[in-house]
Amino acid sequence: METTNKFMKEAIRLSIEKMRAGNGGPFGAVVVKDGEIIARGFNQVTSSNDPTAHAEMVAIREACSKLGSFQLTGCEIYTSCEPCPMCLGAIYWARPDKVYYANTKEGAAAIDFDDQFIYEEIDLPISDRKMPFIHMMEKEAKVAFDEWADKQDKIEY
């Protein structure tokens, strides 16, 4: 328990320090493997003009780069807040063993980081979503899917 507290304290420290420095929102994350922090991330959305630069995304990218792998098997993620839908998706794709979080999505919503509308949009039929999604050129795009299905040297994930 003391070790997990140490890692969460680092994620929280990053969230406070980098928010105070003006890097972005109050979010921090670390990726741990074999009891060592291998990657750190903090929210850089406003400082990098990148809407995907959430703490978890930054930490996942750094960890995967260091490991030379697109998966984080054998790793744990510590994040200062329950992940948003984008980060949650990335976490599932990265496949860490476990995720620890501190603040909740309800707490984030209380300070105007409310992702509930995204959860609601995901559940709607495409035709009912607030943002128009227009389906087009499926036949032309399917060529890539067909070639992938037949590709002998692909790396499965």
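In what follows, the structure referred to is the one given above.
The model shown is predicted, which means the values in this text are computed figures rather than measured ones.

1. So, the overall build of the protein
A count of helices and strands for the protein gives seven helices and four strands. Along the chain direction, N to C, the helices and strands of the protein fall in the order α-β-β-α-α-β-α-β-α-α-α. Dimensions along the principal axes, computed over C-alpha positions, put the protein at roughly 55 × 40 × 30 Å. Counting the 157 residues in the protein, one finds 29% classified as buried. The long-range share in the protein, meaning contacts at least 24 apart out of those at least 6 apart in sequence, stands at 49%. Per element, the accessible surface of the protein, about 10,500 Å² overall, is 56% carbon and sulfur. Taken together, the 18 basic and 26 acidic charged side chains of the protein have centroids lying 5 Å from each other.

2. As for the pattern of salt bridges
Going through the model one piece at a time under the given rule, you end up with eight salt bridges. Measuring nitrogen to oxygen at the nearest pair gives 3.4 Å for the salt bridge that ties E17 to K18. Relative accessible area serves as the criterion here: at 36%, E17 is assigned to the partly exposed category. Among the ionic pairs, E62 bridges to K66, the shortest N-O distance being 3.2 Å. You can see E62 and its partner K66 sitting in helix 3 (residues 55-67), four residues apart, about one turn around the helix. Here K66 falls in the exposed class, since its relative accessible area comes to 56%. Each of the salt bridges in this network shares a partner with another, and the network as a whole consists of E10, R13, E17, K18 and R40.

3. Some details on the sheet that holds strand 3 (residues 75-81)
Spatially, the four strands line up as an open sheet ordered 2-1-3-4, and their pairing is mixed. The open sheet is flanked by strand 2 (36-42) and strand 4 (98-103), the only strands paired with a single partner. Sheet twist, expressed as the mean angle between neighbouring strand axes with direction ignored, is 15 degrees. Pairing of strand 1 (residues 28-33) with strand 2, which is carried by six bridges, proceeds in the antiparallel orientation. Residue pairing for strand 2: K33 is matched across the bridge by E36.

About the thresholds
- Residues numbered from 1 in each chain as written.
- Predicted model: local features only at pLDDT ≥ 70, side-chain atom pairs only at ≥ 80, totals over all residues.
- Heavy atoms only, no water.
- Helix = DSSP H or I, 4+ residues; strand = E, 2+ residues; numbered from the N terminus.
- Buried < 20%, exposed > 50% of the residue type's maximum accessible area, 1.4 Å probe, protein only.
- Contact = heavy atoms within 4.5 Å.
- Areas by Shrake-Rupley, 256 points an atom, 1.4 Å probe, with all protein chains shown as cover.
- Lys, Arg positive; Asp, Glu negative; His and termini not counted.
- Charge placed at Lys NZ, Arg CZ, Asp CG, Glu CD.
- Salt bridge = Lys/Arg side-chain N within 4 Å of Asp/Glu carboxyl O.
- Pairing = 2+ DSSP bridges.
- Axes fitted to C-alpha atoms, helices over the stretch in contact; angles between N-to-C directions.

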